[in-house]
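Single-letter residue listing:
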Amino acid sequence: MKHIQLAIIFATTLLVSGCWRTNEPSPKDDIDMMSLSAKKVDNTVTLSIEALTFKGSVGFLSTTFEQAEIWIGEENSGTNNMKLAYTTSDKTIRLDNLKPETVYYVSAKGIKKGAKTDFSKPIMFITRSIKPVETLLELSSGFYMKSSTNTPYMAYTDNKTNELVLLNWKDKSKKILYKNTTGKSYLVRGFYSDGNRILLETSRNGERAFEYYDITAQAFGTIEIPATARVWNYAFSPDQTKMAYTDYAKQGLYIYDVNTKENKQFSGDFFYEFDWSNDGTSIIQLRNKPNAVDNTKEIVSYNIADASKNATHLFEWPNSLQWVSFSPKQDYIMFGSNIANSSDLWIYEIKTKKIWQMSDVGNFGWIGDKEFFVGSLKNDKETTWKVDKYIMP
């Protein structure tokens with residue numbers, strides 16, 4: 001699946017005009033809805049509270065509130081049995097007296113000019129934490145990094161210098177593989193299962209194209225794809241011998257064999273986010289759960305040798321679910337979700353059904369069976385990125 005940075009930068013242009021000024025919120029504005037977000041760092045959970053007013057074509061804008069009621073419920077009680085826990089006039093509060101390793105649901109009601117709003121959309125967070133065991137690297141700029149699970153290699157394109165970079169997190173060595181230009185550039189899309197070749201996306205004649213870099217041979221190579229394919233979403237098998245892809249001009253999922261050049265349709269259904277299982281025998285799909293009455297997402301797998309193409313249910317989640325990554329032995333699922341109304345990393349242990357949550361994550365990936373890396377800003381005042389190593393308990 002496409003695995004992109006969780007940290008998203010929003011660029012907003014404000015047009016200073018008489019028309020814009022009439023839409024600017026004021027203390028007199030009513031509250032049309034409340035919004036909450038939870039930021040979790042180690043064992044500390046900070047709640048941000050926002051009141052919103054609707055301004056016609058502009059949409060929702062922040063406004064003031066006199067007080068906010070914070071309602072909290074635990075996992076067993078769910079969103080229907082939340083209790084009033086705090087009444088505050090602050091926009092940010094630290095939640096105290098939380099139980100360890102507990103799932104919480106939180107909602108808010110705003111109070112202004114004697115009127116009380118409906119509940120805000122509930123958010124969820126969990127107090128179970130995991131801490132880094134060491135800092136592997138520090139980088140001076142942002143990055144979109146991929147890692148190998150069999151070698152200590154990481155690769156990324158530097159967003160300042162536009163260089164294609166190979167790192168070794170064990171010996172801390174760094175090598176510039178290519179200086180991207182306006183004529184040609186590379187995006188890192190992953191490592192081959194042997195850990196010694198990097199899968200790269202580039203473009204050719206205005207269409208997606210693929211190459212690899214052989215670390216041992218120190219050379220680039222071309223990956224041939226069907227000449228008529230207009231590749232939209234795609235995923236290469238772990239050994240890079242097969243490419244599952246969707247086509248801009250066709251419906252369905254196709255599988256192309258890089259060695260035999262066989263290209264055939266696997267399914268006529270719509271596929272958007274998908275990947276290969278770690279053993280290369282199945283396609284894993286992220287989709288909306290059929291017949292669900294809410295926003296539930298699910299992960300299913302299809303054995304590519306099974307002509308019936310029956311989906312096997314693996315996991316589901318009650319909110320957004322993106323950038324899914326299975327650990328090498330498929331003991332854990334790592335994914336991004338904004339169920340806490342913030343860009344968080346979540347890790348789910350399949351056997352025990354335990355969940356871990358981490359906020360302020362920029363990039364992540366597996367580097368071993370239980371080991372993974374997380375990239376994040378060193379602190380709020382710096383632009384230095386650090387890459388920390390974590391080990392699942």
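Remember, predicted model here, so these are calculated numbers, not experimental data.

Peer 1: Even after reading the chapter, I still don't get the overall build of the protein, so can you show me in this structure?
Peer 2: Along the protein, the regular secondary structure elements total one helix and 33 strands. Radius of gyration (C-alpha) of the protein: 23 Å, near the 21 Å computed for a compact globule of 393 residues. Dimensions of the protein along its principal axes, counting C-alpha atoms only, are 70 × 50 × 45 Å. Here the analysis covers contacts within the protein between residues at least 6 apart in sequence; of these, 45% occur between residues at least 24 apart. Taken as a whole, the protein presents about 20100 Å² of accessible surface, with 48% of it coming from carbon and sulfur. Averaging the positions of the 47 positive and the 46 negative side-chain charges in the protein gives two centres separated by 1 Å.

Peer 1: When you look at unusual backbone geometry in this model, what are you seeing that I'm missing?
Peer 2: If a residue is not glycine, its phi is most likely negative; likewise, a peptide bond is most likely trans. The backbone of Lys 261 sits at a positive phi, close to 70 degrees, despite the residue not being glycine. By secondary structure assignment, the location of Lys 261 is in the loop between β21 (253–257) and β22 (263–267). Classification of Lys 261 by relative accessible area gives partly exposed; the value is 42%.

Peer 1: Can you help me understand the pattern of salt bridges in this one?
Peer 2: Two side chains bearing opposite charge may form a pair once their charged atoms approach each other closely. For the coordinates displayed, the defined rule picks out 21 salt bridges. A salt bridge links Asp 30 to Lys 113; its shortest N-O distance comes to 2.8 Å. Taken as a pair, Asp 30 in the loop between α1 (18–22) and β1 (33–41) and Lys 113 in the loop between β7 (103–112) and β8 (115–116) lie far apart in primary sequence, 83 residues in all. Between Glu 316 and Lys 289 there is a salt bridge, with the nearest N and O atoms lying 2.8 Å from each other. Within this pair, whereas Glu 316 is found in strand β26 (residues 312–317), its partner Lys 289 is found in the loop between β24 (282–288) and β25 (297–303), the two being separated by 27 residues in sequence. Salt bridges linked by common partners bring Lys 184, Arg 204 and Glu 211 together as one network.

Peer 1: Explain a nonpolar patch on the surface here, please?
Peer 2: Where nonpolar side chains cluster on the molecular surface, the patch consists of Met 33, Phe 54 and Phe 60 and spans about 290 Å² of accessible area. Examined against the element boundaries, Met 33 turns out to sit in strand β1.

Peer 1: What exactly am I supposed to notice about the sheet that holds β24 here?
Peer 2: Two orientations exist for strands paired in a sheet by backbone hydrogen bonds: parallel and antiparallel. Taken in spatial order, the four strands make up an open sheet running β23-β24-β25-β26, and their pairing is antiparallel. With partners counted over all chains shown, the strands left at the sheet margins are β23 (273–276) and β26, one partner each. Adjacent strand axes in the sheet meet at a mean angle of 20 degrees, parallel and antiparallel pairs treated alike. By the bridge criterion, four bridges tie β23 to β24 in an arrangement that is antiparallel. Pairing of Glu 273 across the sheet is with Leu 286, part of β24.

Criteria and cut-off values
Residues numbered from 1 in each chain as written. Predicted model: local features only at pLDDT ≥ 70, side-chain atom pairs only at ≥ 80, totals over all residues. Heavy atoms only, no water. Helix = DSSP H or I, 4+ residues; strand = E, 2+ residues; numbered from the N terminus. Rg over C-alpha atoms; globule rule 2.2 N^0.38 Å. Contact = heavy atoms within 4.5 Å. Areas by Shrake-Rupley, 256 points an atom, 1.4 Å probe, with all protein chains shown as cover. Lys, Arg positive; Asp, Glu negative; His and termini not counted. Charge placed at Lys NZ, Arg CZ, Asp CG, Glu CD. Buried < 20%, exposed > 50% of the residue type's maximum accessible area, 1.4 Å probe, protein only. Salt bridge = Lys/Arg side-chain N within 4 Å of Asp/Glu carboxyl O. Patch = residues over 30% accessible without salt bridge, like charges linked within 9 Å, V, L, I, M, F, W, Y side chains within 5 Å. Pairing = 2+ DSSP bridges. Axes fitted to C-alpha atoms, helices over the stretch in contact; angles between N-to-C directions.

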